[in-house]
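The chain contents come next:
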Amino acid sequence: MMRLSVTATWAPSQGGFEAPVVRGMPYATVFYQDLTPSIHFEGTEISASGESPGTRFEVTLEDGQKWIIYSSSDILFTVAGSTLVAAEQFTGSIRVAGYWEGGMVDVAKLDECSGKIPIGGSVSSEVEGDMAYMNFNWETVGSGELLMMALPHHLDKITNTQVDHQLEVLKGVMVGIIGDVWTFNEDLTSISWDSPRTIPEDKIGDIISALREDIPTVACCNDDPYFGGKQMAVLARLALMADEVGESELAQQARDRVKPFLEGWLGGTNENKLLYDQTWGGVLSSCGMYDQGCDFGNGMYNDHHFHYGYHIYTAAVLAKADPAWGAQWNDRVLHMVSDVAEPSGASPYYTFTRTKDWYDGHAWASGIFMFDVGKNQESTSESVNGWYAIYLYGLSWRTQD
């Protein structure tokens with residue numbers, strides 16, 4: 001399974017071509033089979049240079065853009081207005097790399113690496129102690145060194161060689177990286193259940209007073225996966241706070257209040273039951289299943305790491321305090337975890353880390369809704385909470401072991 005790429009294939013009545021779209025590729029590549037290539041540059045006159053027939057051409061646009069075109073074997077192009085048209089059918093690869101004149105481009109490096117083509121990419125990782133070692137594994141064809149582009153957030157953790165070729169994009173300046181495998185060394189967090197800072201002694205009394213007021217009276221819990229989930233997580237957080245200041249009875253009161261609501265979701269005894277969707281392989285609310293606008297688009301997989309993050313957080317708090325409860329409901333909780341973050345890539349029921357974008361380094365919140373301006377994350381804090389909840393749920397089992 002490719003987590004960092006997708007391949008588009010066209011198969012007309014004669015011949016065919018395919019285009020691998022791989023995250024971080026500095027060239028666009030198309031593989032042709034017995035077709036006549038044409039490369040169109042929208043709304044501009046072009047001038048082309050390079051020996052023709054040949055394997056390398058340069059195109060300059062009126063606005064200063066430059067494009068280098070590489071072919072796997074000799075090809076003859078002619079210029080027709082804003083289009084390059086091949087003289088005959090072609091079988092092989094054509095690659096194009098664009099840049100602005102005067103930009104941070106390394107044309108020599110583009111030329112040097114043009115023969116190694118990425119056609120796919122996957123993610124792998126292993127953990128040793130407090131370190132995670134993550135790899136981007138690029139599947140390639142051709143020869144020479146592989147050149148790919150890294151985003152700014154990759155650079156402080158990646159161990160591969162960086163080169164001078166750069167591209168400026170919306171997320172900053174991308175930097176060229178050499179290697180068929182990218183390796184990242186990630187320090188794992190030491191934060192667990194409690195605040196990493198100690199509570200000042202002179203504040204503990206005020207905290208206890210607030211807990212005594214809030215735990216019996218805080219609203220709980222609506223029968224929708226988002227607002228109801230948030231309300232459950234409030235009581236779960238109050239339980240942890242009470243434990244931290246030594247108020248075990250208050251902590252248990254908070255857990256006792258929230259437990260029947262979470263069990264309603266897990267056991268299917270609430271009205272807005274959770275259902276398994278066989279089309280896309282996920283957990284949906286009943287209302288969302290039959291109404292795209294219900295529960296913030298839950299039935300279209302919108303915001304699942306927000307919604308179920310609150311449920312999983314609550315389950316983690318309950319399982320930490322009551323391992324028997326955790327064992328009883330573990331399978332149901334893991335369905336929620338798998339909906340958001342199935343880790344193996346081998347599940348027949350759930351897709352691999354559904355909401356996580358491993359290349360961009362964050363999750364996406366908009367599910368399978370289409371947006372004319374592209375996808376969005378919407379709420380980084382709720383996304384972090386969702387991943388933190390899954391981490392805590394794992395910790396609840398490690399604590400029991």
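A. Seen up close, the pairing of strand β17 (residues 274–277). Sheet analysis places β17 next to strand β18 (residues 282–285), joined by four bridges and oriented antiparallel. Across the sheet, L275 pairs through a bridge with L284, a residue of β18. Here β17 folds back onto β18, and the loop between the two strands holds four residues, one of which, G281, carries a positive phi near 75 degrees.

B. Region of interest: the sheet that holds strand β15 (residues 172–178). Strand order across the open sheet formed by three strands is β13-β15-β14, with antiparallel pairing between neighbours. The sheet terminates laterally at β13 (147–150) and β14 (161–169), the two strands that pair on one side only. Strand after strand, the sheet turns through a mean of 30 degrees between neighbouring axes, direction not considered. Of the pairings in the sheet, the one linking β14 to β15 comprises six bridges and is antiparallel in character. Considered in β15, the bridge of E168 is made with V173.

C. Spotlight on the state of the cysteines. Taken as a whole and assessed by the stated rule, the structure comprises two disulfides. One disulfide bridge connects C220 with C221, the sulfur atoms lying 1.3 Å from each other. Handedness here is read from the sign of the S-S torsion; for C220 and C221, about -60 degrees, the answer is left-handed. With a sulfur-sulfur separation of 1.9 Å, C287 is cross-linked through a disulfide to C294. Between C287 and C294 the disulfide shows an S-S torsion of about 105 degrees. By sign, it is right-handed. Accessibility expressed as a relative area gives 12% for C294, which makes it buried. If one numbers only the bonded cysteines of the chain, in the order they occur, the disulfide pattern is 1-2, 3-4.

D. Geometry of the environment of A97. Within the secondary structure layout, A97 lies in strand β10 (residues 90–100). Note on A97: relative accessible area 1%, which makes it buried. Each C-alpha atom of the pair A97 and E186 lies 32 Å from the other, and the pair is 89 residues apart in sequence. Contacts of A97, omitting those with residues within four sequence positions, involve P26, Y27, K66, W67, I68 and L110.

E. How the structure looks around the packing of aromatic side chains. Taken as a whole and judged by the stated rule, the model has 22 aromatic pairs. Arranged with centres 5.3 Å apart and planes meeting at 85 degrees, the rings of F57 and F77 form a pair that is edge-to-face. With a gap of 20 residues between them, F57 in strand β6 (residues 54–61) and F77 in strand β8 (residues 77–80) connect regions that are remote in the sequence. The pair formed by F57 and F77 is uniform in burial state, with each residue classed as buried. Members of the aromatic cluster, connected to one another through ring pairs, are F136, W138, W182, F184 and Y359. Seen from the ring of F352, R3 lies directly overhead, with NZ or CZ sitting 4.0 Å from the centre.

F. Representation of the sheet that holds β10 within the structure. In spatial order, the strands read β1-β2-β3-β10-β7-β6-β5; together these seven strands make up an open sheet with antiparallel pairing. Edge positions in the sheet fall to β1 (5–10) and β5 (46–49), since each of these pairs with one other strand and no more. In this sheet, adjacent strand axes meet at a mean angle of 20 degrees when their direction is disregarded. Relative to strand β7 (residues 65–75), β6 runs antiparallel, the two being bridged by six bridges. Along β7, the bridge assignment pairs E58 with I68.

G. Unusual backbone geometry, seen in detail. Of note, the amide linkage connecting C220 to C221 takes the cis form, showing an omega dihedral of -5 degrees. Tracing the backbone shows C221 in the loop between α2 (201–217) and α3 (227–244). Positive phi outside glycine occurs at D295, with the angle close to 55 degrees. With respect to the element layout, D295 can be found in the loop between α5 (286–290) and α6 (304–321). With phi around 55 degrees, F296 is a residue other than glycine that occupies positive phi space.

H. Local environment of the environment of F17. Tracing the backbone shows F17 in strand β2 (residues 16–22). Here F17 falls in the partly exposed class, since its relative accessible area comes to 26%. With residues near it in sequence (within four places) discarded, F17 still touches A8, T9, W10, V30, F31, Y32 and L35.

I. How the structure looks around the side chain of K116. Position of K116 relative to the elements: it lies in strand β11 (residues 116–128). Among the polar contacts made by the side chain of K116, one reaches the main-chain carbonyl oxygen of G144 at a distance of 3.3 Å.

Rules behind the numbers
Residues numbered from 1 in each chain as written. Predicted model: local features only at pLDDT ≥ 70, side-chain atom pairs only at ≥ 80, totals over all residues. Heavy atoms only, no water. Pairing = 2+ DSSP bridges. Helix = DSSP H or I, 4+ residues; strand = E, 2+ residues; numbered from the N terminus. Axes fitted to C-alpha atoms, helices over the stretch in contact; angles between N-to-C directions. Disulfide = S-S within 2.5 Å. Buried < 20%, exposed > 50% of the residue type's maximum accessible area, 1.4 Å probe, protein only. Contact = heavy atoms within 4.5 Å. Phe/Tyr/Trp six-rings, centres within 6.5 Å; stacked < 30°, edge-to-face > 60°. Lys NZ or Arg CZ within 6 Å of the ring centre and 35° of its normal. Polar contact = N/O pair within 3.5 Å; in protein donor to acceptor, adjacent residues only side chain to side chain.

Read these as layout, nothing more, since geometry by itself doesn't imply function.
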